[in-house]
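# Residue-level structure breakdown
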Amino acid sequence: MTAADQLPSRRLPAWCTAPWLMLLLPVLYSLLDAALVARDTPWWQTALSVLAAVALLWRRRFPVTVLLLTMPGSYVNDIWLAPITAVYTVAAERPSPRVVVPLGTLFTLVEFFHWPISDQTVWLSRDTALYAIQSVMLAAGPAATGLLARTRRELAARVDELTRGQERESRLLAERVLTSERGRLAREMHDVVSHQVSLISIQAGALQVSTPDPAAVSAARTIRELSVRTLDELRQMVGVLRTSGPHQNTPLAPQPRLADLPRLIEESGLAADAELSPGDRPWPEAVERAAYRTVQEALTNITKYAPDAAVHVRVRAKGRRLRVEVRNEPPPVRPAETLPGGGHGLVGLRERAQLLGGTLIAGPTQDGGFEVRAELPASRC
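Residues numbered from 1 in each chain as written. Predicted model: local features only at pLDDT ≥ 70, side-chain atom pairs only at ≥ 80, totals over all residues. Heavy atoms only, no water.

## Describing the sheet that holds strand S4 (residues 359-364)
As summarised here, the arrangement of the five strands in space is S1-S2-S3-S5-S4, forming an open sheet in which the pairing is mixed. On the outer flanks of this sheet lie strand S1 (271-277) and S4, each paired with one strand and no other. Across the sheet, the mean angle from the axis of one strand to that of its neighbour is 5°, orientation sign disregarded. Each of strand S2 (310-318), strand S3 (321-328), S4 and strand S5 (370-377) is contacted by helix H10 (residues 285-305), which is oriented at about 5° to S3, the strand it contacts most. Sitting on the sheet, helix H11 (residues 345-355) touches S4 and S5, and the angle it makes with S4 is about 150°. (Pairing = 2+ DSSP bridges. Helix = DSSP H or I, 4+ residues; strand = E, 2+ residues; numbered from the N terminus. Axes fitted to C-alpha atoms, helices over the stretch in contact; angles between N-to-C directions. Contact = heavy atoms within 4.5 Å.)

Here you go:
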């Protein structure tokens, strides 16, 4: 690394490239050019030179008109900066050869046949040839520079478009890979989970047939029904995960609603008292499904960690919001072994509530129990 590389990079201040400065700077140096050539000239020639400089303020909006306004001042006075800037602007803003070539030729002729016209202008001599070349270069140089600037802007825009296209292709490729991986995981999940749940259902059916205890028969029947329902929902969700295209629609099973909450609470096997008063207004399907899943996850957690605790379920309407509360009291005896949990259930419920514009709070209570409270609005649905 050289000493120059170690020096901090210096950037121009923002005002040096401000649009207003880029607009005024050509006007200022054109006025200076007009002032330098205005010595010992009539007032009307000076006025034409000032007009050529001031017209540059509108060069980006009316480039052709501004170039034509600079021609009188260039013809009667030896000003260069205003017409050169106008030729550059025409080439940069109107890059068509049908526009650039005639206007560049006009500036060349105006510069070559300068007022007042002398006899030496039409003489075939070395000085005349050099002056003609100079006149051509005064028009060709700014025109070529303007075309180059226009081409550079178009290339930059094209590169930016190609970059965005590559980013879109990368996202689509990542989505295809993700879809393929989701399909593979869905197949594995179906194979593993469905096998285990099927065994549970078979064992529950065998227990239901073989045991003489009515309570055990009822529990086995409940287990078997839950297993069958779990398999149905698992097949539906696996079908959704394996859907790889936006036009492929997988029919879903009937989604749970608020009317299914009493059955859910009854089948949980917990000592739960419920107060279900969602009101008479119809709630959006997403809100009802989120409320059902909130109660379901809370009851599942209570079954894992406090199966003997008293449970209170409250679902009430509060204006345009649906409040869901599930609270369990401290269990009399902590279970020696609890079912494993991944800790993702409450996180998923919180994300679901946030997507609906609501909130979800879960945490221990002061008396040692646990409470899950969600508020789901209907305005975002």
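## Description of the pairing of S3
Looking at chain direction, S2 and S3 are connected through eight bridges and run antiparallel. Residue pairing in the sheet places Arg 314 in a bridge with Glu 325 of S3. Where S2 folds back onto S3 in an antiparallel hairpin, the turn is made up of two residues, including Gly 319, whose phi is positive at roughly 70°. Of the strand pairs in this sheet, S3 and S5 are connected by eight bridges, and their pairing is antiparallel. Bridge assignment links Leu 322 to a residue of S5, and that residue is Leu 376.

## Topic: the packing of aromatic side chains
Considering all chains together, one arrives at two aromatic pairs under this definition. Judged by centre distance (4.9 Å) and plane angle (90°), the rings of Phe 112 and Phe 113 are edge-to-face. For Phe 112, a relative accessible area of 15% corresponds to the buried category. Taken together, the aromatic side chains of Phe 112, Phe 113 and Tyr 131 make up a single cluster linked through ring pairs. (Phe/Tyr/Trp six-rings, centres within 6.5 Å; stacked < 30°, edge-to-face > 60°. Buried < 20%, exposed > 50% of the residue type's maximum accessible area, 1.4 Å probe, protein only.)

## Overview of the pattern of salt bridges
On inspection of all chains with the given rule, the structure shows 13 salt bridges. Arg 373 is the partner of Glu 371 in a salt bridge, and the nearest nitrogen-oxygen pair spans 3.5 Å. One connected set of salt bridges, linked through shared partners, spans Arg 316, Arg 321, Arg 323, Glu 325 and Glu 375. (Salt bridge = Lys/Arg side-chain N within 4 Å of Asp/Glu carboxyl O.)

## Focus: the packing of helix H2 (residues 19-37) against helix H3 (residues 43-54)
At a closest axis distance of 8 Å, the pairing of H2 and H3 adopts a crossing angle of 170°. One element, H2, and the other, H3, form an angle in the roughly antiparallel class. Two packed elements cross with a definite hand, and for H2 against H3 that hand is right-handed. Of the residues in H3, those touching H2 at Val 27, Ser 30, Leu 31 and Ala 34 are Ser 49, Val 50, Ala 53 and Val 54. (Parallel < 35°, antiparallel > 145°, perpendicular 65-115°, else oblique. Left-handed = near helix turned anticlockwise from the far one by under 90°.)

## Digging into the environment of Tyr 292
Here Tyr 292 shows up in helix H10. Taking the C-alpha atoms as reference points, Tyr 292 and Val 315, separated by 23 residues in sequence, lie 9.8 Å from one another. Once you skip the residues sitting within four places of it in the chain, Tyr 292 turns out to touch Pro 256, Arg 257, Asp 260, Leu 261 and Leu 264.

## Some details on the environment of Arg 314
Locating Arg 314 in the fold gives a position in strand S2. Counting along the chain gives 13 residues from Arg 314 to Arg 327, while the straight-line C-alpha distance between them is 8.7 Å. Excluding anything up to four places from it in sequence, Arg 314 contacts Asp 273, Ala 274, Glu 275, Arg 323, Val 324 and Glu 325. A distance of 3.1 Å separates polar atoms of two side chains, one belonging to Arg 314 and the other to Glu 275. (Polar contact = N/O pair within 3.5 Å; in protein donor to acceptor, adjacent residues only side chain to side chain.)

## Quick notes on the nonpolar core
Within the largest apolar cluster, 28 residues are counted, with the highest numbers of intra-cluster contacts made by Val 295, Leu 299, Val 313, Val 315 and Val 326. Broken down by secondary-structure element, the contributors of at least two residues to this core are helix H9 (261-267), H10, S2, S3, H11 and S5. Per element, the largest residue contribution to this core is eight residues, and it comes from H10. Ignoring any residue separated from it by four or fewer positions in sequence, one finds Val 315 in contact with Leu 258, Leu 261, Glu 275, Leu 276, Ser 277, Pro 278, Val 295, Leu 322, Arg 323 and Val 324. Counting 20 residues, the second-largest nonpolar core is a separate cluster that includes Leu 67, Ile 79, Phe 107 and Ala 139. (Core = buried A, V, L, I, M, F, W, Y, C linked by side-chain atoms within 4.5 Å.)

That's the geometry; what it means functionally is another story.
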